[in-house]
Amino acid sequence: MQKLAAGNWKMNGSVAALAEVRAIIAAHPSPACDMLLCPPATLVGPMAQTAKGSKLMVGGQDCHAKASGAHTGDISAAMLAEAGATHVILGHSERRTDHAETDAMVRAKAEAALAAGLVAVVCIGETEAERNAGQTLAVIGRQLDGSIPAGATADTLVVAYEPVWAIGTGRTPTLTEIGEVHGFLRNRLKGLIGAAAMSVRLLYGGSVKPSNADEIFAVPDVDGALVGGASLKAGDFGAIIAALSAA
Ligand code: PGA
């Protein structure tokens, strides 16, 4: 399995920030892992142009469940694909919170992504209150069951475990806790899609940075990372790519 270093720029970046992308490509012409950056929708096309001919893949951060229509402000999976995206992040906790996205909505979007030829990067994760109440596995199990698209394969689905309380906070679960969740997810996914689950990339996300990447990538069933803040700078994201390549 090829591991995956994925970056989520969220609502950050500009055309000027494509300099970071050029620097990442220059520093990692042929990494031993896959590399993906997901900028705001306006930058998908320009970033894909910048990345043309390189190993860097580009993705969106959300898409609509429908292929087209009267949905002002939304963007379809096919539009992302036409702009040069190969992946789309779906069900990020910020979308689940800010836009009240449910598991069913995330699944519908993920099915639209697959139909448009995109890889769906489906995000799940518990809140701090849920973890403190001992509900972590129940919550992420339910989210996984409800969010992954019908017909998902190892080539069309990536799952990102992102504890809500670890996103942008500098806090992370212990390595034991990460391993517990990823092992649980692998098994649960086996029940849902069969043997293909062994090759689905399970990413950890939430305050991944150069200083903790090595130890997180050594955890069993961690097949890469979804990186927010540290993906904005070529030096930081490059160090994470290097750590994953060496893992
Ligand atoms: P962070 O964000 O790396 O800034 O914590 C991760 C994410 O939300 O994907």
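Placed above this text is the structure.
What you see is a predicted model, and the numbers here were worked out from it, not measured in a lab. (Residues numbered from 1 in each chain as written. Predicted model: local features only at pLDDT ≥ 70, side-chain atom pairs only at ≥ 80, totals over all residues. Heavy atoms only, no water.)

Visitor: Looking at this structure, I do not really get unusual backbone geometry. What am I missing?
Guide: Most peptide bonds take the trans configuration, and most residues that are not glycine carry a negative phi. The backbone of lysine 10 shows a phi angle near 55°, a positive value even though the residue is not glycine. Position of lysine 10 relative to the elements: it lies in the loop between strand 1 (4–8) and helix 1 (18–27). (Helix = DSSP H or I, 4+ residues; strand = E, 2+ residues; numbered from the N terminus.)

Visitor: Honestly, the pairing of strand 5 (residues 119–124) in this entry has me stumped. Any pointers?
Guide: Strand residues, when the strand is regular, have side chains that alternate between the two faces of the sheet. Within strand 5, six of the six residues are buried, which leaves it mostly tucked inside the rest of the structure. Here strand 5 runs beside strand 6 (residues 157–161); their pairing, made up of five bridges, is parallel. Its bridge partner being in strand 6, valine 121 is matched across the sheet by valine 158. (Buried < 20%, exposed > 50% of the residue type's maximum accessible area, 1.4 Å probe, protein only. Pairing = 2+ DSSP bridges.)

Visitor: Is there a simple way to explain the pattern of salt bridges in this structure?
Guide: For side chains of opposite charge, pairing can occur when their charged atoms come near one another. For the structure shown, the criterion picks out 14 salt bridges. Linking aspartate 103 and arginine 96 is a salt bridge whose minimum nitrogen-to-oxygen distance equals 2.6 Å. Accessibility classification places aspartate 103 together with arginine 96 in one group, the buried group. Glutamate 101 serves as the salt-bridge partner of lysine 109, at 2.8 Å between the closest nitrogen and oxygen. With relative accessibility at 8%, the residue lysine 109 sits in the buried group. Salt bridges here are not isolated pairs; linked through shared partners, they connect Asp62, Arg95, Glu101 and Lys109. (Salt bridge = Lys/Arg side-chain N within 4 Å of Asp/Glu carboxyl O.)

Visitor: Honestly, the site of the ligand in this entry has me stumped. Any pointers?
Guide: Around the ligand sit 13 residues, and of these Lys10, His92, Glu162, Gly168 and Ser207 come closest. At a separation of 2.7 Å, an oxygen atom of the ligand approaches a polar side-chain atom of lysine 10. Backbone polar atom of glycine 229 to an oxygen atom of the ligand: 2.9 Å apart, as the coordinates give it. Contact with the protein chains removes 94% of the 280 Å² of surface that the ligand exposes when unbound. Residue composition of the shell around the ligand, by class: four nonpolar, seven polar and two charged. (Near = heavy atom within 4 Å. Polar contact = N/O pair within 3.5 Å; in protein donor to acceptor, adjacent residues only side chain to side chain. Areas by Shrake-Rupley, 256 points an atom, 1.4 Å probe, with all protein chains shown as cover. Nonpolar A, V, L, I, M, F, W, Y, C, P; charged D, E, K, R; others polar.)

Visitor: What is the right way to read the environment of glycine 134 from this model?
Guide: Here glycine 134 shows up in the loop between helix 6 (128–132) and helix 7 (136–147). Note on glycine 134: relative accessible area 66%, which makes it exposed. In sequence terms glycine 134 and glycine 151 are 17 residues apart; their C-alpha atoms lie 31 Å from each other.

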